[in-house]
Each structure stands twice: as C-alpha cells, then as structure tokens.
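Given next are the chains, with one letter for each unit.
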Amino acid sequence: MKTNQKLKIKNFVWLAVSLLIILALIGVSFFKQSRSSRDLVHTWEVKNTISNLISSIKDAETGQRGYIITSETDYLAPYHTTTTNYERKLNELKKLALVDSVQINNINKLDSLIQLKFKQLDNSISLTEAGNDSLVLQIIKTDLGKLYMDDIRSVGKDMSELEEEQLAIRIQKFKNWRTLSIILALASALLVIYCLVKIYREVYPVFSEIVETRKELHNASANLAETVAQLKLAQEEKSAELEEQTIMIDAQKLKIQQLEEELSKLK
C-alpha cells in the first residue's frame, strides 16, 4: 500500500515538473516571438526610411530642374524641405541601423554621395540665380548630377536588398517561434487534461468510498435511533406493566389486611 502511494506521488511530481517545463518553454517562445515581431517592424522602418530619404533627394532634383527651366522659386520648395530635414532623417536611419555594421558603412557611403548631390544642386541653383544659364547647361551636359543620382539609387538598392534578406530571415524566425508556441500550448493543454483525468481516477474511488461510508454511517445512525426509540418504548411498556403489578400487589395487600382484621374479630 505504501509503495503504491509513493509511486502515485512520484508520478504526480513528474507530471508537475513536466508541466512547469512546458510552461517555461511557452514563456520563452512567446518572448522570442515578440522579439521577432519587433525585429520585423524594425526592418520595415529601415526600408521605409531608406525609401523616403532617396525619394526626397529625387524631389529635390525635380525642384532644381523646374527652377532652372522656369526661374520660379516655388519649384525650390522640395529642395529646401529636403536639405532642411536631411540631417534628421539621416540620424534616424543611423539610429535604426546602429547594430548593423554593413548598413552603417552603406549609410556613410550614401551620405557622401548625397552631400555631393546637394553641392551639385546648390551650384546649379546659384548659377541660375546669377543668370549664368550657359554654364548651368554645360554642367547639366556633363551628366554629373545623373551619375550622383545613379550611385545614390545603387547604394539605396543595396541597402534595401540587404533589408529584404533580413526581412525574409526574420519572417521565417517569427513563423518558427509562432509554430513552436502553438505546439507547446497544445502540449500543455493535453498534459493538463491528462493530469486532470489522472487526478480524477485517483480521487474518484476515494471520494466514492467517503460517500459510501457516509451513507453507511447515516444508515447506522438511523438504525441506532430506531433501536433507541424501540428500547425507550419497551422501557415505557415495562414501566407501565411494573406499575400495574405494583397496584395489584397493593390491592392484594389491602385484601389480606382486611381478612386479618375479620379473623381477629371472630376470635
């Protein structure tokens, strides 16, 4: 009996330990899944920041061309907006890519090219403002601005492709951790169900025995009460019978006393 109890206790301990381990693994998997989700958001932020930065350079170039053609300063609005916000956007990009040395090198290369592009745009705008249209035309024919823009696009493409690779890896990691989380959650649910069934099988016989014992005690108590009532009734009947016999004895005594008195008179 003691051996069986020890084995049952040991089984419950192992089940509890297994459940705790699975719950710990679920916690780790959910943490990893959450981290993978943050990495995905980070990758999209880097991609969007790169795209927005290069797009702003294109807008600045378009504004510069419009000003050169029309000499209207309204066309320079995108150029001024881009040059004003450039440092902020560049710092945002550097902050996002802080832990990626390859992207940091690409950002530095991109920054150098954009600075050259800004210088080229600024020179063209300054010459246009000074009325040196022929010199501006010569600069445009050198295709220097186009070469700068092509290099900027090339570096931006390399950066985007690198982020695409990172994105694919992080998406796969996210899916793997999500699948593992689901599997562990199902395993935990099955283990809990198994524990409940096992506990039910172990406890139900004991509970049934307790219920049965309680019924037996209740029946015994009822029988005892009935027996006590019967004994009490019998005792009352005996008392009544004894009292009746006492009365009869007293009556006999009285008759005997009367007979003795009559005999004494006769004498």
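Structural data are supplied above this passage.
Everything in this summary refers to the structure shown in the same document. (Residues numbered from 1 in each chain as written. Predicted model: local features only at pLDDT ≥ 70, side-chain atom pairs only at ≥ 80, totals over all residues. Heavy atoms only, no water.)

With that settled, the discussion passes to helix α3 (residues 101-129). Side chains three or four residues apart in an α-helix point the same way, a direct result of the helix having 3.6 residues per turn. Counted at 1.5 Å a residue, the expected span for α3 with its 29 residues is 42 Å, and the 42 Å between its end C-alpha atoms agrees. Where α3 ends, the next residue or the one after it, Gly-131, has phi of about 85°, a positive value. (Helix = DSSP H or I, 4+ residues; strand = E, 2+ residues; numbered from the N terminus. Expected span 1.5 Å × (residues − 1).)

Together, Glu-236, Glu-237, Glu-241, Glu-243 and Glu-244 line one region of the surface with negative charge. Looking at the element boundaries, Glu-236 is found in helix α5 (residues 144-266). (Patch = residues over 30% accessible without salt bridge, like charges linked within 9 Å, V, L, I, M, F, W, Y side chains within 5 Å. Areas by Shrake-Rupley, 256 points an atom, 1.4 Å probe, with all protein chains shown as cover. Salt bridge = Lys/Arg side-chain N within 4 Å of Asp/Glu carboxyl O. Lys, Arg positive; Asp, Glu negative; His and termini not counted. Charge placed at Lys NZ, Arg CZ, Asp CG, Glu CD.)

On to the packing of helix α2 (residues 77-96) against α3. Packing of α2 against α3 brings their axes to within 12 Å, and their N-to-C directions diverge by 170°. By the criterion of interaxial angle, the relationship of α2 to α3 is roughly antiparallel. Seen from α2, the contacting residues are Tyr-79, Thr-82, Thr-83, Tyr-86, Glu-87, Leu-90, Leu-93 and Lys-94; seen from α3, they are Ile-104, Ile-107, Asn-108, Asp-111, Ile-114, Gln-115, Phe-118, Leu-121, Asp-122 and Ile-125. Grouping the amino acids of the contact of α2 with α3 by side-chain chemistry returns 10 nonpolar, four polar and four charged. (Axes fitted to C-alpha atoms, helices over the stretch in contact; angles between N-to-C directions. Parallel < 35°, antiparallel > 145°, perpendicular 65-115°, else oblique. Contact = heavy atoms within 4.5 Å. Nonpolar A, V, L, I, M, F, W, Y, C, P; charged D, E, K, R; others polar.)

Further remarks concern the packing of α3 against helix α4 (residues 133-141). Their axes nearest at 8 Å, the elements α3 and α4 cross at an angle of 155°. The angle between α3 and α4 places the two elements in the roughly antiparallel class. Note that α3 runs across α4; the crossing there is left-handed. Two secondary-structure elements touch here, α3 through Ser-124, Leu-127 and Thr-128 and α4 through Asp-133, Leu-135, Val-136 and Ile-139. Of the residues contributing to the contact of α3 with α4, the split by class is four nonpolar, two polar and one charged. (Left-handed = near helix turned anticlockwise from the far one by under 90°.)

The topology assignment puts Thr-43 in helix α1 (residues 2-70). Classification of Thr-43 as buried rests on a relative accessible area of 0%. Setting aside chain neighbours within four positions, we find Thr-43 in contact with Glu-163, Leu-167 and Arg-170. (Buried < 20%, exposed > 50% of the residue type's maximum accessible area, 1.4 Å probe, protein only.)

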